[in-house]
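Okay, here's what each chain looks like letter by letter:
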Amino acid sequence: MSPLIAFLDILGRQPGVDIDAALERLDLDAATRAALRARDPAAVTRAFGARTEMWCKISIPEDEPQPAEEPPGDAPDDRPDDRPDRDPDR
Amino acid sequence: MPTASSSTAPRGQLACVGLGMMLGAHLTPRARGWLEAADVVFVAASDALVEQWVATINPRVVSVQGLYAEGKPRQQTYREMAAAMLAEVRAGKLVVGAFYGHPGVFAQVPHAAIAQARSEGFAAVMDPGISAEDCLYADLGLDPGKVGCAHFEASQLLFYDRLIDTSAWLVLWQVGVAGDRSYAVRESTPAQRQRLVDRLLLDYPPAHPVTVYEAATLPIGQPRIDRLPLAALAQARLSPQSTLVVPPARPLAPASALAGTGPVSIESAVPVGQDTAAP
C-alpha cells in the first residue's frame, strides 16, 4: 500500500490524529507533503498522479423512451401509397 | 440463463455495497468483508484516491470509470456496467459492486444488476453505506424530523409537475446536471440551471438563502458549504456532486381541517371516535 493511501486510511479511521506531527514520520515526496499540510484534496490527488476528474453516478430522472412496436406482419399498412407529386430533387 | 450446477461447481453471487463518502471513515465492517472476499470488485468511486484505497483492500479491482465518456449517454454506460458485473456472476464468481455513498441511493446500476441476477437465480444482496444525505444532516446540522425534508432529483422539477412544501426543507440532488437531457455531459449549462432557478422562484423569493453542499471525500478535506441567494444559483460553481439545500420559507401552519377535532389516532389517521369503519 502506498504511504499516502495508508495515511489517509488511518486519518479516516482516527480523526484525532495530529496530521502535521504524523507527516514528520512519513516517507512522502515534497509535493504530497505540501498538499497534505495545506489540507488540499485536489493537490493531494494531483501529487499522487491520480485522475482529478471522476464520473459520478447520476440517476437518470426520466424513463427512457421505449422503441415503437413493430406492427404484426398481417397488419394493414397505413402508410400512403402515393409517391410525392413533386420530385424533391427538382 | 445459468444451467443447473453440480454441488462442486462455483456459483456466482453478487453483492452491491456502499463505500460511504469519506476514504477510510465510512466503510462498514460488513462491506469490508464483502470486498475482502470478492473474486472481482467493480468500483464506482467519486474520488480517484478512494479507488486506489479500495484496491488495497482487494487488488482484483475493475474501475468503471473507463465505461464513461463525454458525449456517451449514461444509460448506455449503465447497461454496460450491469452487463460486466453479470458476466462475472454467470462465470461463477463472487462479484462485488462497490459504489460510493449508498449503493441504492441515486444509483441505478446496483438495483438493475441485483434484479437481473436474482431473475437468473443467483444470490444477490445490497448492503447499505453512509450516503451524502447522511453527511449532509451532520455537516449542516439539519434534522429532517423537525419540520420535514423533501428530496427531489433536481431535473424532475423541470420535467414534471412537482409540489413543493415550503414549510419543510427542500433538498435537490444532482443540481449540477439539472436540466440536461442528454445524460452525456458532466455539467449542465448556466441556461439550464437558470430554468431551475426560475422554477424555484415560483415558490421562493429571489433573496431566499440556499446552500450548495458537497460532502468531503478525503479525511483531510472539508465539506463544501456555500451559502448564496437563490437568484445567484445559476452563476454558482456547481459540480455533479453538488446538492442544493433550501431552508423552509414559512413556518408550519396548524391544520385547519382538523382544528378543534381533538386527538387523532395515528393508526386510523382519523379523529378518535369518528372512525366510520364497518363494525
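A brief look at the structure comes next.

Rules of the game
- Residues numbered from 1 in each chain as written.
- Chains lettered and ligands numbered in written order.
- Predicted model: local features only at pLDDT ≥ 70, side-chain atom pairs only at ≥ 80, totals over all residues.
- Axes fitted to C-alpha atoms, helices over the stretch in contact; angles between N-to-C directions.
- Helix = DSSP H or I, 4+ residues; strand = E, 2+ residues; numbered from the N terminus.
- Parallel < 35°, antiparallel > 145°, perpendicular 65-115°, else oblique.
- Left-handed = near helix turned anticlockwise from the far one by under 90°.
- Contact = placed C-beta atoms within 7 Å.
- Nonpolar A, V, L, I, M, F, W, Y, C, P; charged D, E, K, R; others polar.
- Pairing = 2+ DSSP bridges.
- Buried ≥ 20, exposed ≤ 12 C-beta atoms within 10 Å, placed from the backbone.
- Core = buried A, V, L, I, M, F, W, Y, C linked by C-beta atoms within 7 Å.
- Domains from an automatic or database assignment.
- Arc of directions from axis to C-beta.

### Some thoughts on the packing of helix α3 (residues 30–37) of chain A against helix α4 (residues 41–48) of chain A
All names here are of chain A.
Phase 1 of the analysis: One can describe the packing of α3 onto α4 by two numbers: an axis separation of 8 Å at closest approach and a directional angle of 165°. What the angle tells us is that α3 and α4 run roughly antiparallel. Read as a crossing pair, α3 and α4 show a hand that is left-handed. Of α4, the residues touching α3 (which contributes Ala31, Thr32, Ala35 and Leu36) are Ala43, Val44, Ala47 and Phe48.
Phase 2 of the analysis: Looking at the contact of α3 with α4 residue by residue, the classes come out as seven nonpolar, one polar and no charged.

### Side note on the sheet that holds strand β9 (residues 224–229) of chain B
All names here are of chain B.
Phase 1 of the analysis: A sheet is described by the order of its strands in space; here five strands give the open sequence β6-β7-β10-β8-β9, paired in mixed fashion. In this open sheet, the two strands that pair with only one neighbour each are β6 (149–153) and β9. Neighbouring strand axes in the sheet, compared pairwise and without regard to direction, differ in orientation by 20° on average.
Phase 2 of the analysis: Direction of pairing for β6 relative to strand β7 (residues 169–173): parallel, over a ladder of five bridges. Paired with Cys149 across the two strands is Trp169, which belongs to β7.
Phase 3 of the analysis: Packed on one face of the sheet, helix α5 (residues 132–140) meets β8 (209–214), β9 and β10 (243–246) and runs near 45° to β10.

### A few points about the pairing of strand β4 (residues 94–99) of chain B
All names here are of chain B.
Phase 1 of the analysis: β4 sits mainly inside the fold: five of its six residues count as buried.
Phase 2 of the analysis: Here six bridges tie strand β1 (residues 13–18) to β4, and the two strands are oriented parallel to one another. In the sheet register, Gly18 faces β4, and the bridge partner there is Phe99.
Phase 3 of the analysis: Note: strand β2 (residues 40–44) against β4, five bridges, orientation parallel. Residue pairing in the sheet places Val43 in a bridge with Ala98 of β4.

### Here's the deal with the nonpolar core
Residue and element names in this part refer to chain B.
Phase 1 of the analysis: Within the largest apolar cluster, 88 residues are counted, with the highest numbers of intra-cluster contacts made by Leu14, Leu35, Val54 and Ala98.
Phase 2 of the analysis: Here this core spans two domains, and each of domain 1 (13–130) and domain 2 (133–246) adds at least three residues to it.
Phase 3 of the analysis: Not counting chain neighbours up to four residues away, the residues in contact with Val54 comprise Leu19, Leu35, Val41, Val43, Ala45, Val61 and Ala98.

### Considering helix α1 (residues 29–37) of chain B
Residue and element names in this part refer to chain B.
Phase 1 of the analysis: Restricting attention to buried positions, one finds in α1 the residues Ala31, Trp34 and Leu35. Each buried residue of α1 sits inside an arc of 100° when the element is viewed along its axis, so together they form one side. Opposite its buried face, α1 presents the exposed residues Pro29 and Glu36, each directed more than 90 degrees away.
Phase 2 of the analysis: If you follow the buried residues of α1, they end up packed against β1, β2, α2 (48–57), β4 and β5 (123–127).

### Re the pairing of β10 of chain B
Consecutive side chains along a regular strand alternate between the two faces of the sheet.
Residues and elements named next belong to chain B.
Phase 1 of the analysis: Taking every second residue as pointing to the same face, both faces of β10 are buried, with Thr243 and Val245 on one and Leu244 and Val246 on the other.
Phase 2 of the analysis: Both β7 and β10 contribute to a ladder of three bridges, which runs antiparallel. Its bridge partner lying in β10, Val171 is registered against Val245.

### Things to note about the environment of Arg11 of chain B
Phase 1 of the analysis: Tracing the backbone through its elements, the reader meets Arg11 of chain B in the segment before β1.
Phase 2 of the analysis: In this structure, the C-alpha to C-alpha distance between Arg11 of chain B and Gln52 of chain B, residues 41 residues apart in sequence, is 28 Å.

### Digging into helix α8 (residues 190–200) of chain B
Residue and element names in this part refer to chain B.
Phase 1 of the analysis: Turning to α8, its buried residues number three or more, namely Arg193, Leu196, Val197 and Leu200. An end-on view of α8 places all buried positions within 100° of arc, on one side of the element. Exposed side of α8, more than 90 degrees from the buried face: Ala191 and Asp198 are the residues found there.
Phase 2 of the analysis: Structurally, α8 contributes buried residues whose contacts are with α7 (156–159).

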